[in-house]
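Residue-level structure breakdown
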Amino acid sequence: DDIRKALQATDLMKLLEGHLGGPPAVAEHKFWKTQPVPQKEGDQETEGPIDEHKTPADVQQHPIALPAGFEWSVVDVKKDDEIDEVHNLLTENYVEDDDAMFRFRYSREFLLWALTPPGYYKEWHIGVRVQKTGKLVGFISGIPVELRVRNNTFMNAEINFLCVHKKLRSKRLAPVLIKEVTRRVNLENIWQAIYTAGVRIPTPFSTCRYYHRSLNPAKLVDIGFSPLRKGETIARLVRKYNPGEQTRTPGFREMVPVDVPQVAALLRRYLGRFDCAQMFNTDEDVEHWFISGMGTEVNGKRDNQVVWAYVVEDPTTNLITDVVSFYTLPSTIMQHPKHDCLNAAYMFYYASDVVFAPGASSDDAFTHDLKTQNLLDRRLNALVTDLLVMAKKHEFDVVNALTLLDNNMFLDEQMFGRGDGALVHYLYNWSTAPIDGGLSTTSQRKSSGVGVVML
Ligand code: MYA
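Just so it is clear, the structure is predicted and the values come from calculations on it, not from any experiment.

Conventions used here
- Residues numbered from 1 in each chain as written.
- Predicted model: local features only at pLDDT ≥ 70, side-chain atom pairs only at ≥ 80, totals over all residues.
- Heavy atoms only, no water.
- Helix = DSSP H or I, 4+ residues; strand = E, 2+ residues; numbered from the N terminus.
- Rg over C-alpha atoms; globule rule 2.2 N^0.38 Å.
- Buried < 20%, exposed > 50% of the residue type's maximum accessible area, 1.4 Å probe, protein only.
- Contact = heavy atoms within 4.5 Å.
- 1 Å grid on protein atoms, 1.4 Å probe; cavity = no way out; pocket = protein on both sides within 12 Å on 5 of 7 lines; lining within 4 Å.
- Points joined across faces, edges and corners; volume = space filled by probe spheres on them.
- Nonpolar A, V, L, I, M, F, W, Y, C, P; charged D, E, K, R; others polar.
- Near = heavy atom within 4 Å.
- Polar contact = N/O pair within 3.5 Å; in protein donor to acceptor, adjacent residues only side chain to side chain.
- Areas by Shrake-Rupley, 256 points an atom, 1.4 Å probe, with all protein chains shown as cover.
- Phe/Tyr/Trp six-rings, centres within 6.5 Å; stacked < 30°, edge-to-face > 60°.
- Lys NZ or Arg CZ within 6 Å of the ring centre and 35° of its normal.
- Disulfide = S-S within 2.5 Å.
- Pairing = 2+ DSSP bridges.

**Section: the overall build of the protein chain**
- When its secondary structure is counted, the protein chain shows ten helices and 19 strands.
- Taken over C-alpha atoms, the radius of gyration comes to 23 Å for the protein chain, in line with the 23 Å a tight globule of 455 residues would show.
- Relative to its full complement of 455 residues, the protein chain shows a buried share of 52%.
- Long-range contacts, defined here as pairs at least 24 residues apart, represent 73% of the contacts in the protein chain between residues at least 6 apart.

**Quick word on empty space enclosed by the protein**
- Here the structure, examined in full by the defined rule, presents three cavities of 30 Å³ or more.
- The volume enclosed by the largest cavity comes to roughly 60 Å³.
- Listing elements by their share of the lining of the largest cavity, those giving two or more residues are α4 (108–115), β4 (136–149) and β5 (152–164).
- A volume near 60 Å³ is recorded for the second largest cavity.
- The wall of the second largest cavity is formed by I143, E158, Q278, F280, W289, F348, Y349, V453 and L455.
- Classifying every residue of the lining of the second largest cavity by side-chain character gives seven nonpolar, one polar and one charged.

**Considerations on the site of the ligand**
- Taken together, 34 residues surround the ligand, and among them H29, W32, L162, S170 and A174 come closest.
- The separation between an oxygen atom of the ligand and a polar main-chain atom of F31 is 2.9 Å.
- Separating an oxygen atom of the ligand from a backbone N or O atom of K171 is a distance of 3.4 Å.
- For the ligand, whose unbound accessible area comes to 1,200 Å², protein coverage reaches 88%.
- Elements with a contribution of two residues or more to the shell around the ligand: β5, α5 (173–187) and β6 (193–197).
- Of the residues forming the shell around the ligand, the biggest block, eight residues, is contributed by α5.
- Looking at the shell around the ligand residue by residue, the class counts come to 22 nonpolar, eight polar and four charged.

**Remarks on the packing of aromatic side chains**
- Following the criterion strictly, the structure yields 30 aromatic pairs and no others.
- For the ring pair Y195 and Y426, a centre distance of 5.3 Å and an interplane angle of 15° mean the geometry is stacked. One end of the pair, Y195, is in strand β6; the other, Y426, is in strand β18 (residues 417–428), and 231 residues separate them in sequence. The pair Y195 / Y426 is uniform in exposure class, with both members buried.
- The ring of F356 carries the charged tip of R269 above its face, separated from the ring centre by 4.0 Å.

**Some words on the state of the cysteines**
- A complete count under the given rule lists zero disulfides for this structure.
- In this model C163 remains outside any disulfide bridge; the closest cysteine sulfur is found in C341, 18 Å from its own.
- Given the relative accessible area of 16%, C341 is considered buried.

**Topic: the pairing of β4**
- Counting buried positions along β4 gives 13 out of 14 residues, so the element sits mostly inside the fold.
- Relative to β4, strand β3 (residues 125–130) is paired through five bridges, and the arrangement is antiparallel. Note that in β4 the partner of G127 across the bridge is F139.
- The turn linking β3 back onto β4 is made up of five residues, and G134 within it adopts a positive phi angle of 80°.
- In the sheet, β4 pairs with β5 via eleven bridges, with the strands oriented antiparallel.

**Observations regarding the layout of surface pockets**
- Taken as a whole, the second largest pocket holds about 350 Å³ of empty space.
- With three residues, α4 is the largest single contributor of residues to the lining of the second largest pocket.
- Here the lining of the second largest pocket is built from residues that sort into four nonpolar, seven polar and three charged.

This is the structure:
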């Protein structure tokens, strides 16, 4: 059955079944074929909702039925013991790489930060428990996020942390969790969602690839994350990937709360250039995603920081011209005698005002203006060089980035290596023509169409 499943997605299966006259080769998607998502590529040419118009009164008022022996449970993520339960479930059962070497290890502080932005709904933190023991065995979450997709702006649920305990896999529990979160989102009169996955289901609007910038090559080679190519030595890799001790952009410093209004304005304007982008409508959003994630200092030491944000303050005007940030998401290294944790930083949002400088093109025409593109290319490379210095200082082993935003302008130059993984982006109940996830533009150092970073 497993082999069949693994094969199902492949051309080999198509061939075999063609020969043997078996069932249709394409996965059947018993669940997804009932959902308001584009069913296949080519179904996405018109922009807009897929379902008929509904109101919360049309929505089932009681929870979706669970199999016998399980019960729904709203997880109060602000309670230590309950966020612990989610953290433990995910630490043991969440996303692994294809070779089962690494598994995401979101910290409690990270989960709290990710699940409680301004306007969050407690009821969208949904657990499934074993009735008898109370053990948490399933989870799914949503947070409200306003998105612009091309010319339309609308509220979405950003769905994340879908997880079913390993012992309960392949029992069709995931569709039940998805239907329940959909119901609760709909009750708030929200009808669209955005989500990402490593898997391909009907039907992505964009696909991005992961890139990895080594900061600790000795460890990365040791744990099998990076290869040691023939003729290469660790000493040489250490020299090659050493980002140095000092940042070099004049005015580069850590972001502080008073920067929020300027950073928010800059970010909104910058993200306006992408086909699909998070709105960051209020300064509170920016305060949450950038400042609150930096943690609080106790006795000169900041524990449990989840996001690192830096700005460039122009030394002459004192205006904020740039912002750049990353978040921490470690992975458990499974079955390694020496190391059990990969300290990975992930590129988060950034913005630069060079694209709006006098003489630069208008926001829309940006991608076609070579001069502006070169300006941005230079500035982003300088910012990311400094970001790498800071990430190394904070003892990260690797910085990961996707091909979204303008990342293709710096990935090669900053020595990010192409990874195996892809991140596939989906919208629920919204059809839009495919958006460039930067797959084809890495070598061209151009902007992608994706201006939303999912955690
Ligand atoms: S992505 C991260 C997902 N989590 C993991 O990968 C952690 C490790 N894996 C697991 O915990 C389980 O394998 C999961 C599936 C729970 C993923 N997105 O219960 P099943 C479909 C969407 O027998 P299991 C993230 O968190 C699959 O195609 N659908 O399978 C974003 C099949 O349907 P169909 C998925 O392996 C989540 C059905 O489920 C995914 O035991 C966004 C099989 O169910 C997936 N990642 O459990 C969710 N994986 O037959 C959608 C499998 O039709 C949100 N499936 O192909 C949609 C918007 C909702 C809100 C709308 C509001 C308006």
